[in-house]
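Architecture at a glance
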Amino acid sequence: MRKIDFYDTTLRDGEQSPGVNLNTAEKLEIAKQLERLGMDVIEAGFPAASPGDLDAVRKIASTIKNSSVTALARCVKSDIDAAWEALKVAECPRIHIFLATSDIHMKYKLKQTPEQVVNTAVEMIKYAKSLFPVVQWSAEDAFRSDRAFLAHIVEQAINAGASIINIPDTVGYATPKEYGELFKYLKENVPNINQVKLSAHCHDDLGMAVANTLAAIENGADQVEGTINGIGERAGNVALEEVAVALYTRKDFYNIQSNLTLNEIKRSSQLVSQLTGMVIQPNKAVVGKNAFAHESGIHQDGVLKEPTTYEIITPELIGEASNNLVLGKHSGRHAFQDRAKLMGFDLDQEALNNAFKEFKKLADRKKEITTEDLWTILTNQQLKD
Ligand code: KIV
Ligand code: ZN
């Protein structure tokens, strides 16, 4: 089975969602959860953007041990220096630098000729490589770039020392067939392409990010980038939990494996939603409140007779407690503690007592406590813990 690396950018591209602003403690909490989920790479921020971002990336890099921690930089020396400042404490410092390659971006945004863009990329990759053992380079707006030019600059980027090449669909314009073909084209037309990993990075402007990411995998991508719950600029990035569950559920078709621990998905999703304030739509695939709910009589009857009639994934797969015992004001500490454990929370006695008190207060006001209420209470305690 081929293995795909999962690269999470919730803390960078995800934080670029309008209205989202995470502090260092919140970022650290999310990074720890992403590590538990088994992310291969965590993009922790953009250190040149602000001293706060630099500080958060540094803290994450010195805490996280089982995922590789990286950060974003433009092809600018001071950005690379800021990233080094933040990441030098990491076990294996890794940087992600990017430069736009589409005609539109080169002409209007960068105001550079294609030749100047190649020179800048090569020079900055070499500089980054003098500091970092691992350099990832992104051709921003790769999908809308001239293919022959893209192949040329990718070849030069590899010669300059990049070991991961990212091919973003920055504005979510690609269709699955075209995005897959672009990976195939690069595999066939860049002579040194087999020296590097190819990465897919899809935005969801036309609702095709998951399909595009899967098409890239089918055509040779070794790494997929995205966010939890698909948060990110505009319509967001690809939702990594959807890609992971699609690969798992259709392993008969894809034959792909990853390092992810799928039963940490629900918890990751709830944490990101709570800390960013971005509500998950009820019918969202995999993590929506209704993802496992059956409303029609025919469906309910079918599921009671045999769950696979209408369920292709189980709540347990993603760590959703299927236990339907209702918690309310008459529930005891034991039931509460059991449910917290089932949801994956490992709180100390004091935090658990505080959470139980919060739960009782809420139960006095509300007839039935929902799973969402419990996530909020328990996550708040965990943050204080
Ligand atoms: O969407 C994009 O092109 C990006 C780059 C910075 C990689 O997020
Ligand atoms: Zn992006």
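Residues numbered from 1 in each chain as written. Chains lettered and ligands numbered in written order. Predicted model: local features only at pLDDT ≥ 70, side-chain atom pairs only at ≥ 80, totals over all residues.

An unreviewed UniProt entry annotates the protein chain as 2-isopropylmalate synthase of Lederbergia graminis. Recorded in UniProt under Sequence similarities (unreviewed entry), the annotation for the protein chain is "Belongs to the alpha-IPM synthase/homocitrate synthase family. LeuA type 1 subfamily." Note on the protein chain: under the UniProt heading Function (unreviewed entry), the record states "Catalyzes the condensation of the acetyl group of acetyl-CoA with 3-methyl-2-oxobutanoate (2-ketoisovalerate) to form 3-carboxy-3-hydroxy-4-methylpentanoate (2-isopropylmalate)." (UniProt positions renumbered as here; feature names shortened; annotations may be inferred.)

1. Examining the sheet that holds strand S5 (residues 94-100)
Read around the barrel, eight strands follow the order S2-S3-S4-S5-S6-S7-S8-S9 and close on themselves; strand pairing throughout is parallel. This sheet shows a mean twist of 25° between the axes of neighbouring strands, independent of strand direction. (Pairing = 2+ DSSP bridges. Helix = DSSP H or I, 4+ residues; strand = E, 2+ residues; numbered from the N terminus. Axes fitted to C-alpha atoms, helices over the stretch in contact; angles between N-to-C directions.)

2. Observations concerning the site of ligand 1
Near ligand 1, the surroundings consist of Asp13, Phe98, Ser138, Glu140, Asn166, Pro168, Thr170, His201 and His203. By residue class, the composition of the shell around ligand 1 is two nonpolar, five polar and two charged. (Near = placed C-beta within 6 Å. Nonpolar A, V, L, I, M, F, W, Y, C, P; charged D, E, K, R; others polar.)

3. Comments concerning the nonpolar core
Counting residues in each nonpolar core, the largest one holds 98 residues, and the members touching the most others are Ile42, Ala44, Ala71, Ile95, Ile97 and Ala121. Setting aside chain neighbours within four positions, we find Ile95 in contact with Thr70, Ala71, Ala73, Ile80, Ala83, Leu87, Ala128, Phe132, Val135 and Gln136. Ranked by size, the runner-up nonpolar core spans ten residues in total, among them Phe336, Ala355, Leu374 and Ile377. (Core = buried A, V, L, I, M, F, W, Y, C linked by C-beta atoms within 7 Å. Buried ≥ 20, exposed ≤ 12 C-beta atoms within 10 Å, placed from the backbone. Contact = placed C-beta atoms within 7 Å.)

4. As for the UniProt feature "domain: Pyruvate carboxyltransferase" (unreviewed entry) in the protein chain
As recorded in UniProt, the feature "domain: Pyruvate carboxyltransferase" (unreviewed entry) lies at residues 4-266. Annotation note: span residues 4-266, helix share 45%, strand share 17%, distance between end C-alpha atoms 21 Å.

5. Some details on the packing of helix H2 (residues 51-63) against helix H3 (residues 77-87)
The geometry of H2 relative to H3 is characterised by a closest axis approach of 7 Å and an angle of 40° between their N-to-C directions. In terms of orientation, H2 and H3 fall into the oblique class. Contacts from Leu54, Val57, Arg58 and Ala61 in H2 reach Ala82, Glu85, Ala86 and Leu87 in H3. Taken together, the residues of the contact of H2 with H3 sort by class into six nonpolar, no polar and two charged. (Parallel < 35°, antiparallel > 145°, perpendicular 65-115°, else oblique.)

6. Examining the UniProt feature "binding site: Mn(2+)" (unreviewed entry) in the protein chain
UniProt's feature table lists "binding site: Mn(2+)" (unreviewed entry) at Asp13, His201, His203 and Asn237, given in the numbering used throughout. Sequence-wise these annotated residues cover 225 residues; spatially they are packed, their C-alpha atoms never more than 10.5 Å apart. Mapped onto the secondary structure, His201 falls in strand S8 (residues 197-202). Residue classification places His201 among the buried positions, given that 28 C-beta atoms sit within 10 Å. Residues in contact with His201, not counting those within four places in the same chain, are Asn166, Pro168 and Glu225.

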